[in-house]
Structures are given as C-alpha cells and as structure tokens.
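# An overview of the molecular structure
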Amino acid sequence: MRLRSCLKRYKKDTHRALPPEETLEIVEKKMPAAGITRVADITNLDRIGIPVFTSIRPTAEKGAISVYNGKGATPTEAKVSAIMEGIERYSAEVRNADLRTARFSELRENALNPAELILPRDADPDAVIPWVTGYDLMGDEEILVPANAVFHPLPSSYTRLFRTNTTGLASGNQLEEAIFHGLAEVVERDAWSIAEHARSMGPLLRYNGDGLAGELLEMFQRAEVQVYVRDITSDVGVPTFAAVSDDVKLKDPALLTAGMGTHTDPEVALLRALTEVAQSRLTQIHGAREDTVSAEFRRMMGYDRLKRLNRHWFEYEREEDFSSLNSYNTDDFLDDIRYMLDRLQTAGFERAIVVDLTASEIMVPVVRVIVPGLEISAVDPERVGKRCRDAKNRRVSGPKHAS
C-alpha cells in the first residue's frame, strides 16, 4: 500500500478532499449498489436545529443495524455523512468473501497475534479463526489480521473472539482521507475508554471563540440544553473532546447524551463532538435505530438517578481555555496521517494496520484501521486492556487528574 498526497478542498466544519456538494453528487449515485433505499432529514424532530440525516439500508446482514445517522454543521455535510455511513456498513460485511481459517500458531506468514487485540477473558487467542490481509503502515509490510477485527458483523459460521463493532471503519473521497478518519476514530475510542474506565474526565473546555463552534454552542443554549465539553485527550496527544448534554428543560434521562470528536485540528475535534451529541439526541428522539432500546431502560432509572451515576461527566473541577490548545492544521491528509503515526509511535504503539474494504461495485474508499493495544471498552465493556487498568490505578492511588 503506497499512500500519496491528498489535498484538502474543504476545511470548514470538517476536512475533506472534496466539498460536500461534490461528494454528495458522487455518493447519491452509489446508494442503490449499497442497498440504501431512503435518506431523510430528521433535524426538525429536535429543537436544537443542528443538521442530522438518517439513511436506511433494509438489506443489512443479520446482526447489524439498518438505520444510520449522519451529522454535520450544514445539511449537505449531514446528508453526506448519513450516506457514507451506509456505504461503510455495506463495505464491512463479509458477504461472499472466502476467508482463510487457521490457528495463529499454524500460520507461517506475518500475522497479528489475536492476543494483542485486547480479548475478553474467556477468548482463546489460538482458536481456529478467519483471517484477512491488511497493511501495517508503521512496518511497511503486509500482515494477516483476524477477520473478527475487520468485518461487521462476522457470520456465526465463523469462530468469534469478541463482538464485532465499527471502530476504525471509515470512508472518504480518497483512500488517504478514509485512513485519516479511521485513525482519528481509534484514537478517540481509546481516549474515551480510558476516561470512562478511570472516571478521569479531564478539564471542562472554555470556548470563547466566535467561530462555528460558538454558533453551535449558542444553539444548545437557546434550546435550554446544557453542554459540558471536556478535554479527554490521551497520551497519544491528538485533541479529543467529549461533549455531554443535559436537557434541563425536559429532564428526560434518555436525552443525557454524549458525543466524541478527535482531530489534529482542535476546532474540528470540537465541532465533531458537538454535532455528534446533537446526533445522539436525535437518535433517541427518532427511535428508528435498533440500538435505542436503552432509552426505555434509562427512563425506568429516572433522570436524577442516571445523572448521579454519570456525575463524573457533569462535575466542575477545573477549566481549560480552548485558545491554549495546540493545533496541527495542514492542507494534506498525507501529512495528517504521518503526524498521527508519529504520535502513536511516540506513545509506544508499534503497528497501525489498514485493511482496504472498498467494494468494487461502489468504488467509494472504505477502510478498517486497527492499532493493536488501543482501548475499546467504551463500546465493548468485555475488552479492558492495560491502558485502562493503569489509568484507573493512577486515579485511585494518586492525586485527581493524574496522568
């Protein structure tokens, strides 16, 4: 895999190789091949006004959801996001792929030890499992990786080491754009997992700017929704923020929602966290997505109790001024990828694996990015690794906010 320069032509609410209008013209034509039958604007179901769209793919494989949401600071960006998520999910399905099965101990090729993927306690790292070829960007070499970490869902006919998820699954106008977004997501999930597991949420972010993020924060404020933005950046050092919303008007426990954002540019990371928390609200309000069964459980618990259980997100301890944060803002995704890889290597990680999942019948670049050792417990509580355990131990034994 040889990466090339990939210049950015859009740098407003996010960074893209093409403006969203051009991307939309391309991906709308790909919808039938991906099985996407409908795209709808659900923004007005909520009183916030931040654009959220939904796409529906009824032919999704068993074990996967079929309704996907997309967010953005503009309606076009949100619509593109919803369609792209549908294309990602289609591309991540095994379908007719002929996967090779073997034990790790039997393989003679360069292969990733499944034990490096933070397995549940009862998983057998030397089980007979399916494998797929990826490319290690740090080692500059091909490597076999467990298909369990690549496809979603993995059919029940194969031995599964853990529940599949979509962490590191990303699309883009070009391969390099997709890889950058995949890297950002695995870094984001790691930081989120560590913060949640250790109950070390980082400082509240004080934003006094007059940019797009300020406009979104005002939209929440006018709707009487309090938003707490916390800097949960890990030792990897790529800006990662968590936005948590509290609807003080409705006091609906289902609307105690969160959104995460990671980017080399802190402004974009903040925008992603804010638009995602708006998306999370609408996911609950819309009720069409299959994973909203938790809403009923939340309502049974009640607003006050649920907020107490999650008080670590809402407590005021210290603040950080947004203007003090460093930004790495470039015009080329290749530079961003190199920066992310350097940050990961500095933090002690030795591999960053990319599996190209681009479907030939669609030809929209889709990848799965895997960085062995990064945490995942925020989306799979059965998989808790050393970074989470160490952070929790530091929190318990040391002063608050030790890192």
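For the structure itself, consult the block above.
How each quantity is defined
Position numbers for residues start from 1 in each chain and track the written sequence from start to end. With the structure being a predicted model, the display of local features is reserved for residues of pLDDT at least 70 and the display and counting of side-chain atom pairs for 80 or more, all residues being used for whole-chain, interface and lining totals. Neither water nor hydrogens contribute to the side-chain values; these are computed over all heavy atoms in the structure. Each residue gets one of three labels from its accessible area relative to the maximum for its type: buried under 20%, exposed over 50%, partly exposed in between, using a 1.4 Å probe on protein chains only. Each helix is a run of H or I in the DSSP string that is no shorter than four residues. Each strand is a run of E no shorter than two, and both are numbered from the N terminus. Only strands joined by at least two bridges in the DSSP assignment are considered to pair. Polar contacts here mean pairs of N or O atoms no more than 3.5 Å apart (in protein, one a potential hydrogen donor and the other a potential acceptor; neighbouring residues in sequence count only if both atoms are side-chain atoms). Contacts are assigned to residue pairs that have any heavy atoms within 4.5 Å of one another. Here a Phe, Tyr or Trp ring, Trp counted by its six-membered ring, pairs with any other such ring whose centre lies within 6.5 Å, and the pair is stacked when the planes are under 30 degrees apart, edge-to-face when over 60, and tilted otherwise. When the NZ atom of lysine or the CZ atom of arginine is within 6 Å of a ring's centre and also within 35 degrees of its normal, the charge is said to sit over that ring.

### Some thoughts on the pairing of strand 4 (residues 52-56)
- Taken across its five residues, strand 4 has five buried, putting it largely inside the fold.
- Taking every second residue as pointing to the same face, both faces of strand 4 are buried, with V52, T54 and I56 on one and F53 and S55 on the other.
- Summarising the sheet, strand 3 (residues 38-41) and strand 4 pair through four bridges and their orientation is antiparallel. Following the sheet pairing, V39 is matched in strand 4 by S55.
- Strand direction decides the pairing type here: strand 4 and strand 5 (residues 67-71), joined by five bridges, are antiparallel. The residue of strand 5 that forms the bridge with T54 is N69.

### Comments concerning the side chain of D46
- Considering the arrangement of structural elements, one finds D46 in the loop between strand 3 and strand 4.
- When its relative accessible area of 9% is taken as the criterion, D46 is described as buried.
- Within the structure, the side chain of D46 is placed 2.8 Å from the side chain of R281, a separation counted as a polar contact.
- Once you skip the residues sitting within four places of it in the chain, D46 turns out to touch R281, L282 and I285.

### Overview of unusual backbone geometry
- Residues H152 and P153 are joined by a peptide bond in cis, for which omega reads -5°.
- Tracing the sequence through the fold places P153 in the loop between strand 8 (141-146) and strand 9 (169-171).
- Notably, D140 is not glycine yet its phi reads approximately 55°, a positive angle.
- Owing to a relative accessible area of 45%, D140 belongs among the partly exposed residues under this scheme.
- In this structure, E224 takes a positive phi of about 60° despite not being glycine.

### What to know about the packing of aromatic side chains
- Counting across every chain of the model gives six aromatic pairs.
- Aromatic pair F180 and F333: ring centres 5.7 Å apart, planes at 45°, arrangement tilted. You can see F180 sitting in helix 4 (residues 175-198) and its partner F333 sitting in helix 10 (residues 333-346), a full 153 residues away along the chain. You'll find F180 and F333 in the same group, each marked buried.
- Ring geometry for Y228 and F314: centres 5.3 Å apart, planes at 85°, overall edge-to-face. Here Y228 is found in strand 11 (residues 225-231), whereas its partner F314 is found in helix 9 (residues 311-314), with 86 residues between them in sequence. One exposure class covers both Y228 and F314, and it is buried.
- Every member of this aromatic cluster is reached through a ring pair, and the members are Y207, F241 and F322.
- The positively charged end of R383 is found above the aromatic ring belonging to F162, 3.7 Å away from the centroid.

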